[in-house]
Amino acid sequence: MFWNLLLAVLNFFPVPVTEECLSDDSRRTGLCLNTYECRIQNGESHGACALGFGVCCVFTSSCNAEVANNVTYFVNPNFPGLLNDVGECSLRVKKISKDISQIRLDFVNFNLAQPNRKTGVCETDTFVVTGGASNDLRICGLNSGQHVYYDMDDAKDYITIDIRLTKGNYNRMWEIKITQIEFAQRAPAGCLQYFHEVAGTVQTMNFAVNGRHLADQDYVICIRQEHGMCSIVYEPCDENSFKIGPPIFSDTGIEGSGDEGGSDPSGSQVVSMDVFRECSDRVMMPCDSEEFITPQGGPGICDLLHCGNNFCTDKETPCRIESSTTPFVMRVQFGPGNREENPEDNLGMCIRYEQQQCSS
């Protein structure tokens, strides 16, 4: 009788500090609350925390809901089952305090319909985030393991996550961890993605087997410079992991066209080194040399442009690019998808990076 009464009291005993905890299945993150608080906030208890005085309370929401918690999981109806209905699924995320500066979306599972394979436009399904200070985010396809940051500085009430499904007979699944980020822990301004590790992997959205990079993308990928690290090395994940559209060459830059040139012994055209090249889809990275100056970047900064089927110029082997320009950033710019192109030439990008220690 006494122990039952004690346990009942502990259910209402406030946990001294509300902090994140790991659920008993070691898969999801929750908040350490007492049992009563967890229940009235529509959370689910997943194991003990705070030396047994609290429970790890995991919050999950689905369509047409509003959430206001540090950490919430947004899932499709009937998760972990698949969804093949037509319709719209929305979630409103309210700031829990004035100190919140961003939300971070971790796509634990993210499988929507693929874009148009020839143009990269999200036509069947779209995932859209609106209402904050950042530009609207619009993606589709397979993005499990990806993450994004979204500024909430000017979102007085809430932001909206909207998933629009226009055709049946597609199997979809999503499980998105939504974390509210205070100003002191925010990603740098302008960074859609922010990586905290010394070494890791960066991929464009919808990088997958039989995938196609998305159209209408313009964002910056940032990597936090760790203590004692002065440069960073990038290399493709494999020989087929950098395919961003064929570059467009000017007619005058192709030898063998018209009367101005010839061809190599095999009869193919030869592209001269001084050819004018334009990339409607591209990845740009800062250069080391101060000799390269752009009006946008100013002295000491330049945009090293990458497109086509080779991350390194002249098919360098092994393909590695090192930069000591800080901050460590990459910019992804994919055009509006108004041209039909071979999807095999537009897979996207998978790049491994590793920060290098400062030389003594």
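Higher on the page you've got the structure.
Residues numbered from 1 in each chain as written. Predicted model: local features only at pLDDT ≥ 70, side-chain atom pairs only at ≥ 80, totals over all residues. Heavy atoms only, no water.

Draft legend 1. View of the overall build of the chain. Counting its regular elements, the chain contains two helices and 28 strands. Counting across all 360 residues of the chain, residues that qualify as buried make up 44%. Pairs at least 24 apart in sequence give 76% of the contacts found in the chain among residues at least 6 apart. Accessible surface for the chain amounts to roughly 19200 Å². Of this, 49% is attributable to carbon and sulfur atoms. (Helix = DSSP H or I, 4+ residues; strand = E, 2+ residues; numbered from the N terminus. Buried < 20%, exposed > 50% of the residue type's maximum accessible area, 1.4 Å probe, protein only. Contact = heavy atoms within 4.5 Å. Areas by Shrake-Rupley, 256 points an atom, 1.4 Å probe, with all protein chains shown as cover.)

Draft legend 2. Just the packing of aromatic side chains, in detail. Under the definition given, this model contains seven aromatic pairs. Ring centres 5.3 Å apart and planes at 75° place the aromatic pair F110 and F127 in the edge-to-face group. On the criterion of sequence distance, the pair formed by F110 in strand 9 (residues 100–111) and F127 in strand 10 (residues 125–130) is long-range, its members being 17 residues apart. With relative accessibility at 0%, the residue F127 sits in the buried group. (Phe/Tyr/Trp six-rings, centres within 6.5 Å; stacked < 30°, edge-to-face > 60°.)

Draft legend 3. Inspection of the side chain of N76 at higher detail. One can find N76 in the loop between strand 7 (71–75) and strand 8 (87–94). Exposure remark for N76: the relative accessible area of 1% places this residue in the buried category. At 3.0 Å, the side chain of N76 forms a polar contact with the backbone nitrogen of W174. Aside from chain neighbours lying at most four places away, what touches N76 is S62, G81, L82, L83, R172, M173 and W174. (Polar contact = N/O pair within 3.5 Å; in protein donor to acceptor, adjacent residues only side chain to side chain.)

Draft legend 4. Fine view of the pairing of strand 13 (residues 158–165). Across the eight residues of strand 13, six count as buried, placing the element largely inside the fold. Pairing analysis gives eight bridges linking strand 8 to strand 13, with the strands arranged antiparallel. Within strand 13, the position partnered with L91 by the bridge is I161. Here strand 10 runs beside strand 13; their pairing, made up of six bridges, is antiparallel. The residue of strand 13 that forms the bridge with V129 is I161. (Pairing = 2+ DSSP bridges.)

Draft legend 5. Here's a closer look at unusual backbone geometry. At the junction of F79 and P80, the peptide bond is cis and its omega measures out at 10° in the coordinates. Tracing the backbone shows P80 in the loop between strand 7 and strand 8. Backbone torsion omega between T326 and P327 reads 0°, so that peptide bond is classified as cis. Relative to the assigned elements, P327 resides in the loop between strand 26 (321–323) and strand 27 (328–334). For N210, which is not a glycine, the phi torsion comes out positive at approximately 65°. With respect to the helices, strands and loops of the structure, N210 is situated in the loop between strand 16 (199–203) and strand 17 (217–223). For N210, a relative accessible area of 57% puts it in the exposed group. Unlike most non-glycine residues, D216 shows phi in positive territory, near 60°. Along the chain, D216 falls in the loop between strand 16 and strand 17.

Draft legend 6. Just the sheet that holds strand 2 (residues 29–33), in detail. With antiparallel pairing, the four strands of this open sheet are ordered in space as 1-2-4-3. Both outer strands of the open sheet, strand 1 (20–22) and strand 3 (44–49), are each paired with one neighbouring strand and no more. Adjacent strand axes in the sheet meet at a mean angle of 45° when their direction is disregarded. Of the pairings in the sheet, the one linking strand 1 to strand 2 comprises three bridges and is antiparallel in character. Opposite E20, over in strand 2, you have L31 as the bridge partner. (Axes fitted to C-alpha atoms, helices over the stretch in contact; angles between N-to-C directions.)

Draft legend 7. Expanded view of the pattern of salt bridges. Tallying each qualifying case throughout the model produces 13 salt bridges. Taking the shortest distance from any N to any O, the salt bridge between R104 and D106 comes out at 2.8 Å. Of the charged contacts, one joins R331 and D218 as a salt bridge, the two residues approaching to 3.0 Å between their closest N and O atoms. Of this pair, R331 sits in strand 27 while D218 sits in strand 17, and the two are 113 residues apart along the sequence. Here the residues in one salt-bridge network are R27, R28 and E175, joined through shared partners. (Salt bridge = Lys/Arg side-chain N within 4 Å of Asp/Glu carboxyl O.)

So, to be careful, I would describe these as geometric facts and stop short of saying anything about function.
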